[in-house]
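Now for the letters of each chain:
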Amino acid sequence: MKKILLPLSLMVVVLATSCNTTRKLYEAQQYDQVIQREAPKVCEGRINPNMIGLIAASYHRANQADHERIQALKASGQPEVWPEIYERFCSMKGRNQALACFPKQVKNDIQYTTLQLDEELKAAQNKAEAYLTAKISQTLDGTQPDLEEIDRMIRRLQDLNPENTRLNEFKVRSLAKRYGDLSRIMHVDVVKQQVSPNRDETVTFKESANGLTASVTDHTLSKTANAQGKVRFIDPKSKRLLLSVPFDVSSKFNATYTQVEGPTEACSEQTLERLRQAPVPFPTDQSLLEDALRQLNESFSQWIQ
């Protein structure tokens, strides 16, 4: 491939423009943008002393501002401060990681040290998650909740912890506040279903009393059905997908009964009690699957009561 060589004058203009843009960002106190723009160049070995100074100043000033803000928020003692505290700790850690690849001498020159933030970050995350979870639930329980604010908090909670156990519940409850009866927009798609074989596990032993002996067999019956898929909520007018919630539900059948061969006079009171329990037939595959899906419906019903 033929190389394209820029005229020296044009290269100077390009470099000057780049420097000016970075300096303007710095002067506008857009410190993170300075770091995002210039730090990768240093990691690649393209070291510009002027830019190193701007990066260092941006790094220390941004961290100092976050540190002071975190201390002020903690001093307030209010639970609603924790999402912002967590975000500021994330910013500090992100800056620290962005400069971690700098050459050792550059790190020394700009007084870079590895920040140990993991414990404080995790504690802030847990408190922020607890606050948002409680706040969203409380707001949804209100008579006239601010749905836009609820959705903003739900997005914030998802960014904080996508595995939050109540996240899907909140999304469904928010939809219910908007659309009322969800049954008209709810579609259940079963992607996979499995039913285990009928299992009959037995334990046989002898019991004796008054010179009599009987053979006792305890039966433990079990069977499991599992259904996986997703519940889709679709706007009835625009046909737009509003929400898709995966599900993995199971229904388990368990039963026990006892059989005796020989005189029951030889049996213990515990065995005689179990003998009063009549054997229960195994459920059909279809009925067990329907029970699993019924639990899915019950879960959604509980959320939107």
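Please refer to the structure higher up on the page.
The rules we used
- Residues numbered from 1 in each chain as written.
- Predicted model: local features only at pLDDT ≥ 70, side-chain atom pairs only at ≥ 80, totals over all residues.
- Heavy atoms only, no water.
- Pairing = 2+ DSSP bridges.
- Helix = DSSP H or I, 4+ residues; strand = E, 2+ residues; numbered from the N terminus.
- Salt bridge = Lys/Arg side-chain N within 4 Å of Asp/Glu carboxyl O.
- Buried < 20%, exposed > 50% of the residue type's maximum accessible area, 1.4 Å probe, protein only.

Visitor: Even after reading the chapter, I still don't get the pairing of strand β2 (residues 199-209), so can you show me in this structure?
Guide: If a strand is regular, its side chains alternate between the two faces of the sheet. Both β2 and strand β3 (residues 212-234) contribute to a ladder of 11 bridges, which runs antiparallel. Paired with D200 across the two strands is L221, which belongs to β3. Hairpin geometry of β2 and β3 is characterised by an intervening segment of two residues between the two adjacent antiparallel strands and by a positive phi of about 55° at N210.

Visitor: What is the right way to read the pattern of salt bridges from this model?
Guide: Opposite charge on two side chains permits pairing when their charged atoms draw close. Here the structure, examined in full by the defined rule, presents 22 salt bridges. Across the pair E169 and R166 runs a salt bridge, and its minimum N-O distance is 2.9 Å. The exposure class of E169 is buried, given its relative accessible area of 10%. Residues joined by salt bridges that share partners form a network here, namely D32, D66, R69, E84, R88 and R95.

Visitor: Explain the pairing of β3 here, please?
Guide: Of the pairings in the sheet, the one linking strand β1 (residues 186-195) to β3 comprises nine bridges and is antiparallel in character. Residue pairing across strands places V190 opposite G229, the latter belonging to β3. Taking the residues that link successive antiparallel strands as the turn, the β3-strand β4 (residues 241-261) hairpin has six residues, and the phi of K239 there is positive, at about 65°.

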